[in-house]
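A closer look at the structure
The residues making up each chain are set out below.
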Amino acid sequence: MKAQHSGFEATPDFAARMDTADPLAGYRDRFYFPKDEAGNDVIYFTGNSLGLQPKTVRAYIEQELKDWETFGVAGHALAKNPWLPYHEFLTEKMARVVGAKPIETVVMNALTVNLHIMLISFYRPEGNRRKILIEKGAFPSDHYAIESQIKFHGLEPADCLIELTPRDCEATLRTEDIVKTIEGERDSLALVLLGGVNYYTGQVFEMREITDAGHRAGATVGFDLAHAVGNLELHLHDWGVDFAVWCSYKYLNAGPGAVGGAFVHERHADCPDIPRLAGWWGHEKATRFLMGPEFHPISGAEGWQLSNPPILQMAALWASLEIFDEAGMSALRAKSETLTGYLEFLLGEIQDERITVITPSDPAQRGCQLSIRVKNAGRELFNAITARGVVADWREPDVIRVAPVPLYNSFRDVLSFAEILKSELG
Ligand SMILES: *Cc1c(COP(=O)(O)O)cnc(C)c1O
């Protein structure tokens, strides 16, 4: 592997200089870090799995506990942040993170639930047009959800699922191959459903090109942004994506089981012919409490809501989104490219032939995560670096995923990780 950034140096001095020059370095202090046995911050590289807790979260949740204590049911209207419209306080901030208009964005449910809700509306097999294009090795929950939706329509997954596989001896997919597959299924494709970032390889999909190709083929196009939201700069509206879903406990740091989000493009905001699962929170606000039997959806993504929202979880997400708003996705992404570039450089400097990075080396084709394949190392290597204070994750059979996130990881973290990995490789 060759170093792409000749300006980098594998020294503590260099890492310290990078941290000093980093305009986002101060954000690290806004998060709680787990400690190692000596009481030092661990090297936390699993923001792609569960982001760290912002120190402000507690106050946001306590506000709602206090208002519940004080007002009981009247808190729906009288709480400092009234619960009735509570989800709306998050909409614009969330919309900025995903590059959407507020009318296209809603915070609700969890990812897989939202995926099902969107598939009900946007996977509508008709005649020959009933196939769904996904990645082979897609996240299992997505796979289960999609297969079950196919069966729900009385169809066979074997007839309806097209799985993209990399070329022989390649770890990631080429956009040209994805586009060619879409074109080849021009008459049979109902839906393209890919991740924004593949959770295993860390590859970013070229969402604009894929969306255009899907639309040219007459298909609907949706993305699972679990590993993309809060990691990449997204432009869902401009890219013309039909729908997207995501969770908020990974890069968005909103806590375990956090409330997720969904995007529905404006062009679908008021289409009465789109079937959907309905619930009272998706009903027009002005007449919701008349409690009539007829469902009139709110225009836009909010019309897909089912239940009244979990205020305590929303409070945590709100605290986190304030930080994203303040830091800004483009500044975060700029740091992220350098930070991950530094990690890639240091892995190259280890000069050990057992190491390969399966994540693309082009920064435009990856987020912050690198997936490191270590030949013949097995789980012991992973256990050894864990014992030395590295929190990363292991994916069978031979991949260590590390995700230095720009909000709270430092260049020093990256250097320490590389030093530990090198010494444990022996
Ligand atoms: C994390 C993740 C999920 C998790 O789904 P939940 O419904 O939030 O439990 C689903 N899909 C992908 C691609 C993920 O990365």
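On a predicted model such as this, the values are computed, not experimentally measured, just so you know. (Residues numbered from 1 in each chain as written. Predicted model: local features only at pLDDT ≥ 70, side-chain atom pairs only at ≥ 80, totals over all residues. Heavy atoms only, no water.)

Each helix and strand in the protein was counted, giving 15 helices and 15 strands. Taking 22 Å as the expected radius of gyration for a compact globule of 426 residues, we find that the protein reaches 22 Å, a close match to that expectation. With respect to the three principal axes, the spread of C-alpha positions in the protein is 70 × 60 × 35 Å. Residues counted as buried form 55% of the 426 residues belonging to the protein. Pairs at least 24 residues apart make up 71% of the contacts formed inside the protein by residues separated by at least 6 positions. Carbon and sulfur atoms make up 52% of the accessible area of the protein, which totals about 18300 Å². (Helix = DSSP H or I, 4+ residues; strand = E, 2+ residues; numbered from the N terminus. Rg over C-alpha atoms; globule rule 2.2 N^0.38 Å. Buried < 20%, exposed > 50% of the residue type's maximum accessible area, 1.4 Å probe, protein only. Contact = heavy atoms within 4.5 Å. Areas by Shrake-Rupley, 256 points an atom, 1.4 Å probe, with all protein chains shown as cover.)

Time to look at the site of the ligand. Surveying the vicinity of the ligand reveals the residues Leu111, Thr112, Phe139, Asp142, Asp224, Ala226, His227, Tyr249 and Lys250. At 3.2 Å, a side-chain N or O of His227 approaches an oxygen atom of the ligand. Between Tyr249 and the ligand, the recorded distance is 2.6 Å, taken from a side-chain N or O atom to an oxygen atom. Relative to its unbound accessible area of 390 Å², the ligand is 82% covered by the protein chains. When its residues are assigned to classes, the shell around the ligand shows 4 nonpolar, 2 polar and 3 charged. (Near = heavy atom within 4 Å. Polar contact = N/O pair within 3.5 Å; in protein donor to acceptor, adjacent residues only side chain to side chain. Nonpolar A, V, L, I, M, F, W, Y, C, P; charged D, E, K, R; others polar.)

Moving on, we get to the domain arrangement of the protein. Domain assignment breaks the protein into domain 1 (12–30 + 328–425) and domain 2 (62–325). For domain 1 versus domain 2, the distance between C-alpha centres works out to 29 Å. With 28 residues of domain 1 at the contact, the number on the domain 2 side is 19 residues. Contact between domain 1 and domain 2 buries roughly 1900 Å² in total, counting both sides, with carbon and sulfur atoms accounting for 57%. (Domains from an automatic or database assignment. Buried area = accessible area lost by both parts, 1.4 Å probe.)

Attention now moves to the pairing of strand β10 (residues 261–264). Of the two faces of β10, the one lined by Gly261 and Phe263 and the one lined by Ala262 and Val264 are each fully buried. The pairing of strand β4 (residues 105–107) with β10 spans 3 bridges and is antiparallel. By the bridge assignment for β10, Val106 is matched with Ala262. (Pairing = 2+ DSSP bridges.)

Under the definition given, this model contains 28 salt bridges. Across the salt bridge formed by Arg17 and Glu9, the nearest N and O atoms sit 3.7 Å from each other. You can call Glu9 partly exposed: its relative accessible area is 34%. The shortest N-O distance in the salt bridge between Glu424 and Arg388 comes to 3.0 Å. Linking Glu424 in helix α15 (residues 411–425) with Arg388 in the loop between α14 (378–387) and β13 (390–391), this pair joins segments that are 36 residues apart in sequence. Take Glu424: its relative accessible area is 30%, and that puts it in the partly exposed class. Of the residues examined, Arg388 reaches a relative accessible area of 41% and is grouped as partly exposed. (Salt bridge = Lys/Arg side-chain N within 4 Å of Asp/Glu carboxyl O.)

Turning next to the sheet that holds strand β9 (residues 243–246). What links the strands of a sheet is backbone hydrogen bonding, and the strands pair in either a parallel or an antiparallel sense. A sheet is described by the order of its strands in space; here 7 strands give the open sequence β4-β10-β9-β8-β7-β5-β6, paired in mixed fashion. The open sheet has two free edges, formed respectively by β4 and β6 (161–164), since each of these has just one partner strand. Averaged over all neighbouring strand pairs, the angle between strand axes comes to 15°, with direction disregarded. Strand direction decides the pairing type here: strand β5 (residues 131–135) and β6, joined by 4 bridges, are parallel. Among the inter-strand pairings, Glu135 is bridged to a residue of β6, identified as Leu164. Contacting β4 and β9, helix α4 (residues 88–98) runs over the sheet at an angle of about 120° to β4. The strands touched by helix α9 (residues 207–216) within the sheet are β7 (189–195) and β8 (220–224), with β8 carrying the most contacts at an inclination of about 150°. (Axes fitted to C-alpha atoms, helices over the stretch in contact; angles between N-to-C directions.)

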